[in-house]
Amino acid sequence: MASLLSRFCRKLALPGSAHGSRMTSTTACGSETVKSLNLYSAINQALHIALETDPRSYVFGEDVGFGGVFRCTTGLAERFGKNRVFNTPLCEQGIVGFGIGLAAMGNRAVVEIQVADYIYPAFDQIVNEAAKFRYRSGNQFNCGGLTIRAPYGAVGHGGHYHSQSPEAFFCHVPGIKVVIPRSPREAKGLLLSSIRDPNPVVFFEPKWLYRQAVEEVPEHDYMIPLSQAEIIREGSDITLVGWGAQLTVMEQACLDAEKEGISCELIDLKTLLPWDKETVEASVKKTGRLLISHEAPITGGFGAEISATILERCFLKLEAPVSRVCGLDTPFPLVFEPFYMPTKNKASSSSSLSSPSKTHIF
Amino acid sequence: MALSRLSSRSTTLLQPFATTSLLRRRHISTDTTPITVETSLPFTSHLISPPSRAVETSSQELLSFFRDMALMRRMEIAADSLYKAKLIRGFCHLYDGQEAVAIGMEAAITKRDAIITSYRDHCTFLGRGGGLFEAFSELMGRTTGCSKGKGGSMHFYKKDASFYGGHGIVGAQAPLGCGLAFAQKYSKEEAVSFTLYGDGAANQGQLFEALNIAALWDLPAVLVCENNHYGMGTAEWRSAKSPAYFKRGDYVPGLKVDGMDALAVKQACKFAKEHALKNGPIILEMDTYRYHGHSMSDPGSTYRTRDEISGVRQVRDPIDRVRKLIIAHDIATEKELKDMEKEVRKEVDAAVAQAKESPIPEPSELFSNIYVKGFGAESFGADRKELRATLP
């Protein structure tokens, strides 16, 4: 399997996997076995463990039975049976509503939305039913066992409806959590935490990395805490914040900036709601500059929330305006995808990342 | 069966009069003398009396059916090759096998009747009068495409033919179609809207919302379920409690039609249009089949056997059915039809070649048509300082 993977998957140097980064997550100690896995295999492993450790957990969605269109659910139906791993008809609203009901009875419902672009029919269920269940019932009921997994983000040729990053819509909803992993090892730990977290979680998986990202993933059951950001690259001149596949792009920008003598601190937010304000604040107070990057369109993107919060907390320490290198304010285009995307060149040429002597403070 | 009787009669006629039959045969493609043909199967209906199996057609119509379906078939096959050559990117959902639905529908309606469908829309576009060059250009993302290269395979539109496209999200076009019907009724246009969706989409909640609205307000909406029996890779019996999609309307009448028989489709659509104009919505379930997989990323053989696919191709292929009818009615010879297919192939190849030469849209088109010119916002790029573009 490893040789097959190395033949077919272009290995990406994942942020945090080399370059002597400080790991704050609870990862494997030297004695545990690790295996080279890509993102969909890591997620698959997490699902196997989740179903194994809790007999009242279920995985369902469109086409999950045969393994799913991205292979994330391979082997689950065979191992745990069709009563626990099953296909649903094509009806996102129905699927999520059904998951909320199942979770309300104390079960762990792991719902797969085939592609995040299709999540909108279920938006009402997530926002109005799932997020507010515990609150409006005075804690009598809750759907904490609900986890919604959806592949998100650009894939190179996805066009309008296979490339969207809808995380900002969900970050605006108190009552749910939004989690986005950056790599296979992170994905497994974060997914297990999300499934076991007693709150409904929306888990976005960067589909570009399903096959492209390969990493050593511990084989045992481990969890990575939610709402804890990680500094995956230490620096002193500027803080960069991102999540998911975008971190790979940002790390390239960091390497380019190093050549010009700019020391970059790169932070993986991991959980967007509720997000780790303290880590980002501490970093910006140290560096004095912040650059946020995400694939979603810039206006109203989650970068705006981070920018506003940091401005409130770090105003006197900031040496330059917070900059955001994001997708353009257009529907996700088909032929124009390369222009739309927040590439490393856009990040590198943004005023914050150019040499400090050139930066103008307005 | 009517078909076999006719074919045996004509072979005995042809033999002794080999040369004179050339003179006696009706002139190809212009004869409109009515011919009556029976549909392959009787219609099954729900809450309504079905139309008659006897369909009126003509030599001209049958030949145009043949040519147009052959054109559609060729276009889809050419699209297959272009996708494999990476000239078409994104996604590509092919319609070959289902041509009779598009063709039969067009024969029964006018360009003032609206059609709205899902992402499997290339042939529907052609049926509405769309050109091959616009189609291939759009597939390859060129400016000369019907949506200026910005839509791609799933988003073909043609305003002057009331073709409302081309929708990526499954089932989302259903309430839209009912909205179109409402507008037509309000303007007293004596036109109807055909809303096409698949067996997979039939399980979306919005379908039922659309049905209820259409029935409540007596909208001239014809909801057409193109049942090709597979929602991506899921067979209908695995996703639907009741795969009798024509009955799903409950209080809305329905008709089940052999979607591989262009004449049956024509009869059903004609019937449906008359019904919708007078009585409100009706569901048509077209029993059809797609030879390709769901899209070009799907081989189409992991959830169904190759025998099943070739079986349908041998017994129910829509183009072969019309071919046999044409030969049986002595409208054209096998050779003439083959020549027509060759001609069609050349036409498709020429359109592909021309489309390949077409330019890609200008980068500024990335920002155009998001809002109406002058009413939008500035679009920001990387840092709110670079790539500032005012939306045209």
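Think of each chain on its own: its residues are numbered from 1, step by step along the sequence as written. Here chains are named by letter from A upward and ligands by number from 1 upward, in the order in which they appear as written. Totals for whole chains, interfaces and linings use every residue, but because this is a predicted model, local features are given only for residues with pLDDT of at least 70 and side-chain atom pairs only at 80 or more, for both listing and counting. Water and hydrogen atoms were dropped before computing side-chain values, which therefore reflect all heavy atoms in the structure.

A.B. asks: Where do I start with the packing of aromatic side chains in this structure?
C.D. replies: For any pair of aromatic rings, geometry is given as the distance between the ring centres together with the angle between the planes. What counts as a ring pair is set by centres within 6.5 Å for rings of Phe, Tyr and Trp (its six-membered ring), and what kind of pair is set by the plane angle: stacked under 30 degrees, edge-to-face over 60, tilted for all other angles. Applying the stated criterion across every chain, the model contains 21 aromatic pairs over all chains. For the pair Phe-123 of chain A and Phe-170 of chain A, a centre-to-centre distance of 5.2 Å together with 70° between the ring planes defines the contact as edge-to-face. Pair noted here: Phe-123 of chain A is in helix H5 (residues 123–130) and Phe-170 of chain A is in helix H7 (residues 167–171), with a separation of 47 residues, a long-range link. You can call Phe-123 of chain A partly exposed: its relative accessible area is 27%. Exposure is judged per residue with a 1.4 Å probe applied to protein chains only, and the accessible area is read against the type maximum: over 50% gives exposed, under 20% gives buried, and values in between give partly exposed. With a relative accessible area of 0%, Phe-170 of chain A lands in the buried category. Where Phe-125 of chain B meets Phe-156 of chain B, the ring centres are 5.1 Å apart and the plane angle is 80°; that geometry is what we call edge-to-face. With Phe-125 of chain B in helix H5 (residues 122–127) and Phe-156 of chain B in the loop between helix H6 (132–139) and helix H7 (173–186), this pair connects stretches of sequence that are 31 residues apart. A single burial state applies to Phe-125 of chain B and to Phe-156 of chain B, both of which are buried. Following the ring pairs from residue to residue traces out a cluster consisting of Tyr-120, Phe-123, Tyr-152, Phe-169, Phe-170 and Phe-204 of chain A. Should the NZ of a Lys or the CZ of an Arg lie within 6 Å of a ring centre and within 35 degrees of the ring normal, that charge is described as sitting over the ring. The positively charged end of Arg-136 of chain A is found above the aromatic ring belonging to Phe-133 of chain A, 4.9 Å away from the centroid. Just above the ring of Tyr-291 of chain B sits the side chain of Arg-313 of chain B; from NZ or CZ to the centre is 4.1 Å. Helix and strand assignments follow DSSP, with helices taken as H or I runs no shorter than four residues and strands as E runs no shorter than two, numbered in order from the N terminus.

A.B. asks: Would you mind going over the interface of chain B and chain A with me for this structure?
C.D. replies: How big an interface is tends to be expressed through the accessible area that disappears when the partners come together. Counting residues at the interface gives 38 residues for chain B, matched by 36 residues for chain A. Here the quantity called buried area is the total loss of accessible area, with a 1.4 Å probe, experienced by two parts when brought into contact, counted for both. Between chain B and chain A, roughly 2900 Å² of surface is buried when both sides are summed, and carbon and sulfur atoms account for 64% of that area. Between Lys or Arg on one side and Asp or Glu on the other, a salt bridge is scored when a side-chain nitrogen of the former is within 4 Å of a carboxyl oxygen of the latter. Our enumeration of links across chain B and chain A arrives at 0 salt bridges. Under this definition, polar contacts are N or O atom pairs within 3.5 Å; protein pairs additionally need one hydrogen-donor-capable and one acceptor-capable atom, and for neighbouring residues in sequence, both atoms have to be side-chain atoms. Taken together, the connections running from chain B to chain A amount to 4 residue pairs in polar contact (both at pLDDT 80 or more). Working rule for contacts: check all heavy atoms of both residues, and any pair within 4.5 Å makes them a contact.

A.B. asks: What is the right way to read the sheet that holds strand S4 (residues 114–116) of chain B from this model?
C.D. replies: To summarise the sheet geometry, strands pair through backbone hydrogen bonds and adopt either a parallel or an antiparallel arrangement. Residues and elements named next belong to chain B. In space, the 6 strands of this open sheet follow the order S2-S9-S10-S6-S5-S4, with mixed pairing throughout. If you trace the sheet from one side to the other, it starts and ends with strand S2 (44–46) and S4, each paired once. Within the sheet, the average angular offset between the axes of one strand and its neighbour, ignoring direction, is 20°. Only when DSSP finds a minimum of two bridges between them are two strands counted as paired. Of the strand pairs in this sheet, strand S9 (residues 254–258) and strand S10 (residues 282–287) are connected by 5 bridges, and their pairing is parallel. Residue pairing in the sheet places Val-257 in a bridge with Met-286 of S10. Orientation is described by lines fitted to C-alpha atoms, with helices fitted over the stretch in contact, and by angles between N-to-C directions that extend from 0 to 180 degrees.

A.B. asks: Which parts of the structure should I look at to understand the confidence of the model for chain B?
C.D. replies: Detailed reading of the predicted model is not advised wherever pLDDT is low. All names here are of chain B. Confidence along chain B averages 89 in pLDDT terms, with 88% of residues attaining 70 or more. The low-confidence segment residues 382–392 (pLDDT under 50) makes 37 contacts with residues lying over four places distant or belonging to another chain. Model confidence for the complex is summarised by a pTM of 0.85, with the ipTM given as 0.79. The predictor attaches a confidence to each residue, and that confidence, scored 0 to 100, is pLDDT.

A.B. asks: What exactly am I supposed to notice about the domain arrangement of chain A here?
C.D. replies: All names here are of chain A. Taken domain by domain, chain A consists of domain 1 (34–218) and domain 2 (230–353). Regarding the contact of domain 1 and domain 2, the summed buried area is about 1900 Å², with carbon and sulfur atoms giving 60% of it. By the criterion of area lost to domain 2, the three top residues of domain 1 are Cys-171, Ile-180 and Arg-182, representing 27% of everything that side buries. Summed over the shared surface of domain 1 and domain 2, the number is 3 salt bridges. For the domain bounds, the source is a domain assignment made automatically or taken from a database.

A.B. asks: Explain the pattern of salt bridges to me, please; I cannot follow it from the model alone.
C.D. replies: When charged atoms on two side chains of opposite charge get close, those side chains can pair. All names here are of chain A. All told, the structure shown has 43 salt bridges over all chains when counted by the stated rule. Across the pair Lys-270 and Glu-230 runs a salt bridge, and its minimum N-O distance is 2.7 Å. With Lys-270 in the loop between strand S11 (264–268) and strand S12 (271–273) and Glu-230 in strand S9 (residues 230–233), this pair connects stretches of sequence that are 40 residues apart. Classification of Lys-270 by relative accessible area gives buried; the value is 1%. Several salt bridges share partner residues, and in doing so they unite Arg-182, Glu-186, Glu-230, Asp-268 and Lys-270 into one network.

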